[in-house]
Amino acid sequence: MLVISFNSAFAQQDVTLRVLVNSKEKGTPVVGAQVMLLNYNAEGKAGKIQYGGVTNNDGLYEFSNVDPGHYQLKVTFIGYKTFTEPITIQKGRRIIEKVKLATDVAQLNEIVVQSERKVTTGEAGITKINSGDLGHIPTPGTGGDLASYLQTLPGVVSSGDRGGSLHIRGGTPTQNKVLVDNLPIIKPFHISSLFSAFPEKSIKTVDLYAGGFGSKYLGATSAVIDVNLRPGNMREFEGSAAVSPYMVSVQMEGPVEEDHQSLMFMGRKSVINQTAPIFSGEQGAINFYDATVRYSYQGNNYTCNVTGIQTFDRGQINPNRELGLSWRNTAIGARCLGYDEIYKHPVELTIGYSNYQNGESTQDKTERSSGRTQVFAKVNHKQDIWGIPINYGFGFNYSVYSAVLAERFTDLKSFHDENPIFKLHISSVWEPNDYLSIQTGLGSQSIIQLAPTIEPRLRIAIRPDGTNKQKISIAAGRYYQMMSGLTDQRDAGTVFTVFKPNLGKANPQEALHGILGYQQYIGNYFKANVEGYIKDYKNISVSKWTPVATLNTKTALADGLAYGFDVRLEYQKNPMYFYLGYGWSKVKYEASTDDLGAWIDEPVFSYYPAYDQRHKLNAVASYRFAGFTASANWELSSGKPYTRIFGFDLSLNVPWEQPLNNSGTAKIFYSRPYNERLPMYHRLDISLERSFQLSPQLSLNAKVGIINAYNRENIFYFDVSSLQRVNQMPRMPYVSIQTQFN
Amino acid sequence: MNFRKPPIFVLLSALLITVFLAVSCDNTLHPFNKDKGLYSVYGYLDIDSDVNYIRIKDLNMPFVEDSTRKIDAKVRLTNERNEVSQTLTDSVVEFEGLYTHNFRTTLDINPDTKYQLTVKRSDGKVATATATTPRIADTNVDPLNADCRTPITVRFKPVLKKADLYVRIGFEYRNKKYWVNPFLQTRKDEPELIYMRFTPQDIIAKIFSDDRGRPTIACYQLSSKIFYVDYIHYGPDFNQGSSSDTLDIPGGAGKFGGLYNRRFHFPIDTTNLCRICKSIN
């Protein structure tokens, strides 16, 4: 198995070879291709691998400090024919080599778990996701979706099948950072938690950092979801249209200038409001859409991508309760990567604008809204200092926070705040041999009112046998974020969130992460991964409590501790794919009882918040036969904490209110907070699909499936205001059709 | 490290067993903790009233008409000093479809006496609340017939603490009564004394004053020479919420105590002290 290695820690030859790998058919970058320089033996044949690596998300790999000489350049990737050519490396030169890989259909039938981007884990805290991974999960639309896939991972907890909130290893949604080609998006998950703004067809790669992420990512204390969209086809026009009971979608892409410019559009709109009564007998009460436009330019020495994305969601989490929720993302950004010979190392520049607004309206028509608008720019580069390659970058983010509030967050008045943040990060990788790789990093964020943060990061990979067959990996770091998201967590029926900047009046949210993982390949088709983690959170804003179930609440600060372990087993050998993931976790919060308002005697109150899911088991399987693909996903998870009610009262303000003359005020009393657990959750989703080639340019894909196949009544939450048990999705059969042309 | 390939059928079998066990798990939700709360109790025992009403609410019954129509409760009030007790009768009052149960008692309510209220459910579970009535406080006003600017002291004794006394002072202007809450004071050498010290002008200025706090009407402009004192003297445990351990709710699902509510008045001298001012207004 190929291992990256630098020849020496000290620069000697200052020779750089940049290899850009594209697909011959589509002209788009190939991510994860193995790029190697082999020496020639005495017979003049290619011999041992001297240098090697894997292409990044831009399809680029850079060799540094290569000894001058004659080599064979070899590029391989599953599904493509191997590329080889002789190459001469001369002293003091930088070379850009562009490689086009042709598809090899025969290889597509032999996908092994060991191929590079199929390495779903291996580095502590990281899950690397391909678009193909999403297709294994039955989704009531054509193709897979990132939201459905993420929920099969241990450590990822959804609040329910509505609301679009994901908790990753004990962190709240506002402690996560979602990036789309470096463009921050606040909440790209739809109100139906099955869907996100990222369908299978739009994705190139996704890196999920469940913790322990490097210094390049600043501004999140829990997790990072780094989404890389694929560029449009640079050689041919292609498109598709699809319809299912959940949504309709259209996708079109093609070259503006062959091999140089492409344009892609993807749009989806829900129709579940109209179809739910037919298919499931229930009201839909949700409405959403998303649209992505992407312009890609590939010059001789640089590439640029301009991405525009908009998402919209509106609906009710509890269809029987008059509480309307809505949120909208609008973002546009450009990312350019320059790798011309004049640069010692490639330079990456990103600028953009992102706006997020969410709102809530209640029975009395009170409207609440909150949002965050960001303008940002960042530069990433690399330098050699004393022969050690140092990655560094700096950025500027200017955010405007606004909120119009009433009732629910009575401690917060409506506000409009602005918060510029300066960011800086550096990191370096040291690989003295085939057995060890150490990445150290340091990040810093600075706002005017506070001293700059110091955020050290460390990642270590140990290969006991010098190959990637086994790997022990460690990740640790300190993390800060200059923003808080406040949600009334006592009420699972709302996801309305107030975004508030840290303006120096209080300490920012902070976390310490520690992860230890072990990965083992067994043969070519089987992989096992075990990972333990701990996250220590500080200064989390939580809703204050009252013993009475009332909309009025204030905010308090809590500390949290999340720890646990994941076990993943993966088997992939054509025609079968099987995955089993189990996660055990514990999330505990602690706050001063006086500050929190809890009605218990202890001075410090500890509790398990509503997303503390102790056990989670996912089993995913897919099987290809006779042109069909059958898929199944079964999840079993333990119940989450909730607070029971113990009293319905009509209280009188004695002696001012007389029993005979006043009805009193209706009040519902909570028992000890989060002291009970909801029933267990489990659900089986199945699907069967097949493609039909109607003509050389036209194909049809048909899928039938059932969400919640055995119609399990999984509880979502107990609505205190209406005293109703709110269940998650009932059995939902579907048929989806997609036509594709090229 | 070398690992043998785990047999897939072993994993699949384990999974199927897990599925079977999961499917058979109980899915019911019990959101109501019926063992924790029994009743709420709201009311007071007025020493000066022949009849007192106490609201009893079954905490386990939600706000639905049918569930509030009847109450499973037997209510009894006992004078712990002389052990005289009475079973209370229910007076049902409906408010917009919700039925409230207000239990009536004609038991003599005496000062400085502890009373125990028990509410018993048919299954034998009992909620209790206690109320202690206050001692009757002597009142004293000095001096009487003071003019508008002369300090007047009103005393109440014995009163255990300031929180046990609610006082308001009233006057009439243009045939309408106005009320002011004065500042209550204590003395270390007389622990059960609560007093207030004010001039009539101070009281008037709390309602009628300019930007600088000066009164805008004078005593001679008042409709009456009489100042009124309304006060409620609470029992020592009245403001502590429910005293019943069975309810176990800090701050109370309930409020039950003893009190009396009285009024007295005293005259003031409304002579016009400002000979040259016809009217400050």
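Residues numbered from 1 in each chain as written. Chains lettered and ligands numbered in written order. Predicted model: local features only at pLDDT ≥ 70, side-chain atom pairs only at ≥ 80, totals over all residues.

Colleague: For this particular structure, what's the right way to read the overall build of chain B?
Modeller: When helices and strands are tallied, chain B shows 3 helices and 16 strands. Scored against the burial criterion, the 281 residues of chain B give a buried share of 31%. When contacts within chain B are restricted to residue pairs at least 6 apart in sequence, long-range pairs at least 24 apart make up 62% of them. (Helix = DSSP H or I, 4+ residues; strand = E, 2+ residues; numbered from the N terminus. Buried ≥ 20, exposed ≤ 12 C-beta atoms within 10 Å, placed from the backbone. Contact = placed C-beta atoms within 7 Å.)

Colleague: Hey, could you run me through the overall build of chain A in this one?
Modeller: For chain A, the helix and strand inventory stands at 4 helices and 45 strands. The C-alpha radius of gyration computed for chain A amounts to 27 Å, which stays within 12% of the reference 27 Å derived for 742 residues, consistent with globular compactness. Seen along its three principal axes, the alpha-carbon backbone of chain A occupies a region of about 105 × 60 × 45 Å. Across the 742 residues in chain A, those meeting the buried criterion constitute 49%. Restricting the contact set of chain A to residue pairs at least 6 apart, pairs at least 24 apart contribute 65%. (Rg over C-alpha atoms; globule rule 2.2 N^0.38 Å.)

Colleague: Can you walk me through the domain arrangement of chain B in this structure?
Modeller: Often, the extent of an interface is quoted as the loss of accessible area on bringing the components together. Residues and elements named next belong to chain B. You can read the domains of chain B as domain 1 (39–134 + 237–258) and domain 2 (138–235 + 263–267). Relative to domain 2, the C-alpha centre of domain 1 lies at a distance of 34 Å. Every contact between the two is made by 9 residues of domain 1 and, on the other side, 5 residues of domain 2. Taken together, the elements giving at least two residues each to the side of domain 1 that touches domain 2 come down to β8 (126–132) and β16 (254–267). Here the side of domain 1 that touches domain 2 is composed, by residue class, of 3 nonpolar, 5 polar and 1 charged. (Domains from an automatic or database assignment. Nonpolar A, V, L, I, M, F, W, Y, C, P; charged D, E, K, R; others polar.)

Colleague: I tried to follow the interface of chain A and chain B on my own but got confused; where do I start?
Modeller: At the junction of the two partners, chain A supplies 39 residues and chain B supplies 42 residues. Looking at the side of chain A that touches chain B, the element that brings in the most residues is strand β38 (residues 645–651) of chain A, giving 7 residues.

Colleague: Looking at this structure, I do not really get the sheet that holds strand β1 (residues 39–46) of chain B. What am I missing?
Modeller: All names here are of chain B. Taking strand neighbours across the sheet as the criterion, the 8 strands line up as β5-β6-β2-β1-β16-β15-β11-β12 in an open arrangement whose pairing is mixed. With one partner strand each, in any of the chains shown, β5 (89–95) and β12 (176–180) form the two edges of the open sheet. Ignoring strand direction, the axes of neighbouring strands in this sheet form an average angle of 25°. Relative to strand β2 (residues 52–58), β1 is paired through 5 bridges, and the arrangement is antiparallel. Bridge pairing links Tyr39 to Asp58 in β2. (Pairing = 2+ DSSP bridges. Axes fitted to C-alpha atoms, helices over the stretch in contact; angles between N-to-C directions.)

Colleague: Would you mind going over the domain arrangement of chain A with me for this structure?
Modeller: Residues and elements named next belong to chain A. Looking at the assigned domains, one finds that chain A contains domain 1 (16–109), domain 2 (116–227) and domain 3 (228–640 + 678–741). Inter-centroid distance (C-alpha atoms) of domain 2 to domain 3 is 4 Å. Where the side of domain 2 that touches domain 3 is concerned, the elements lending two or more residues are β12 (183–185) and β13 (203–209). Looking at the side of domain 2 that touches domain 3 residue by residue, the class counts come to 20 nonpolar, 31 polar and 9 charged.

Colleague: What exactly am I supposed to notice about the nonpolar core here?
Modeller: Leu146, Leu150, Tyr209 and Val227 of chain A are the most contacted members of the largest nonpolar core, which has 80 residues in total. The element best represented in this core is strand β33 (residues 576–592) of chain A, accounting for 6 residues. Inspection of this core shows a minimum of three residues originating in each of domain 2 (116–227) and domain 3 (228–640 + 678–741) of chain A. Membership of the second largest hydrophobic core comes to 37 residues, among which are Ile54, Ile109, Leu117 and Val119 of chain B. (Core = buried A, V, L, I, M, F, W, Y, C linked by C-beta atoms within 7 Å.)

Colleague: It is not clear to me how the sheet that holds strand β5 (residues 69–76) of chain A should be interpreted in this structure. Could you clarify?
Modeller: All names here are of chain A. Spatially, β3-β2-β5-β6 is the arrangement adopted by the 4 strands of the open sheet, whose pairing is antiparallel. With one partner strand each, in any of the chains shown, β3 (46–54) and β6 (83–89) form the two edges of the open sheet. Mean inter-strand twist for the sheet, computed between neighbouring axes without regard to direction, equals 30°. Two strands pair when backbone bridges link them, and strand β2 (residues 34–40) and β5 are joined in this way by 5 bridges, in the antiparallel orientation. For Met36, the partnering residue across the bridge sits in β5 and is Lys74.

Colleague: So what exactly am I meant to see when it comes to the pairing of strand β45 (residues 732–741) of chain A here?
Modeller: For a regular strand, side chains alternate in direction, first toward one face of the sheet and then toward the other. Residue and element names in this part refer to chain A. Burial of β45 is one-sided: the residues Met732, Tyr734, Ser736, Gln738 and Gln740 facing one way are buried, the residues Pro733, Val735, Ile737, Thr739 and Phe741 facing the other way are not. Examined bridge by bridge, strand β15 (residues 238–243) and β45 share 5 bridges and lie antiparallel to one another. When the sheet's bridge partners are listed, Ala241 is paired in β45 with Thr739. Of the strand pairs in this sheet, strand β42 (residues 698–707) and β45 are connected by 10 bridges, and their pairing is antiparallel. Bridged to Val704 within β45 is Val735.

Colleague: Help me understand the pairing of strand β25 (residues 436–446) of chain A, please; the structure alone is not making it clear to me.
Modeller: All names here are of chain A. Judged from the 10 bridges that link them, strand β24 (residues 415–433) and β25 form a sheet pairing that is antiparallel. Opposite Trp430, over in β25, you have Ile438 as the bridge partner. In this antiparallel pair of consecutive strands, β24 and β25, the connection spans 2 residues. Bridge count between β25 and strand β26 (residues 455–462): 8 bridges; the pairing is antiparallel. Bridge pairing links Leu442 to Pro456 in β26.

Colleague: Help me understand the confidence of the model for chain A, please; the structure alone is not making it clear to me.
Modeller: Parts of the model with low pLDDT should not have their predicted coordinates read in detail. Residue and element names in this part refer to chain A. Predicted confidence across chain A gives a mean pLDDT of 86, with 90% of residues reaching 70 or more. The spread of mean pLDDT over the elements of chain A runs between helix α4 (residues 593–596), the lowest at 66, and strand β14 (residues 223–229), the highest at 96. Note that pLDDT drops below 50 for residues 1–13; the model gives that stretch 32 contacts with residues more than four away or on any other chain. Throughout residues 109–122 the model reports pLDDT below 50, and contacts reaching past four residues in sequence, or to other chains, amount to 37 contacts. (pLDDT = per-residue confidence, 0-100.)

Colleague: Looking at this structure, I do not really get unusual backbone geometry. What am I missing?
Modeller: Across residues other than glycine, the phi torsion is negative in most instances, and most of the peptide bonds are trans. Residues and elements named next belong to chain B. Between Asp142 and the following residue, Pro143, the backbone shows a cis peptide bond with an omega angle of -5°. In this fold, Pro143 is placed in the loop between β9 (138–142) and β10 (152–157). Note that the residue after Lys157, namely Pro158, is joined by a cis bond; omega there is 5°. As for its placement among the helices and strands, Pro158 is situated in the loop between β10 and β11 (165–173). With a phi close to 50°, Glu96 is a non-glycine residue in the positive phi region. Classification of Glu96 as exposed rests on a count of 6 C-beta atoms within 10 Å.

Colleague: How should the environment of Asp104 of chain A be read in this particular structure?
Modeller: Mapped onto the elements, Asp104 of chain A comes out in the loop between β7 (94–101) and β8 (126–130). Asp104 of chain A sits 23 residues away from Lys81 of chain A along the chain, and the two C-alpha atoms are 5.2 Å apart.

Colleague: What exactly am I supposed to notice about the environment of Gly639 of chain A here?
Modeller: All names here are of chain A. Tracing the backbone through its elements, the reader meets Gly639 in the loop between β36 (628–637) and β37 (641–642). A sequence separation of 30 residues divides Gly639 from Phe669, and the C-alpha atoms of the two residues are 22 Å apart. For Gly639, the contacting residues outside a window of four places in its chain are Arg677, Leu678, Pro679, Met680 and Tyr681.

Colleague: Would you mind going over the confidence of the model for chain B with me for this structure?
Modeller: For chain B, per-residue confidence averages 85 on the pLDDT scale, and residues scoring 70 or more make up 86% of the total. For this predicted complex, the interface score ipTM comes out at 0.83, alongside a pTM of 0.83.

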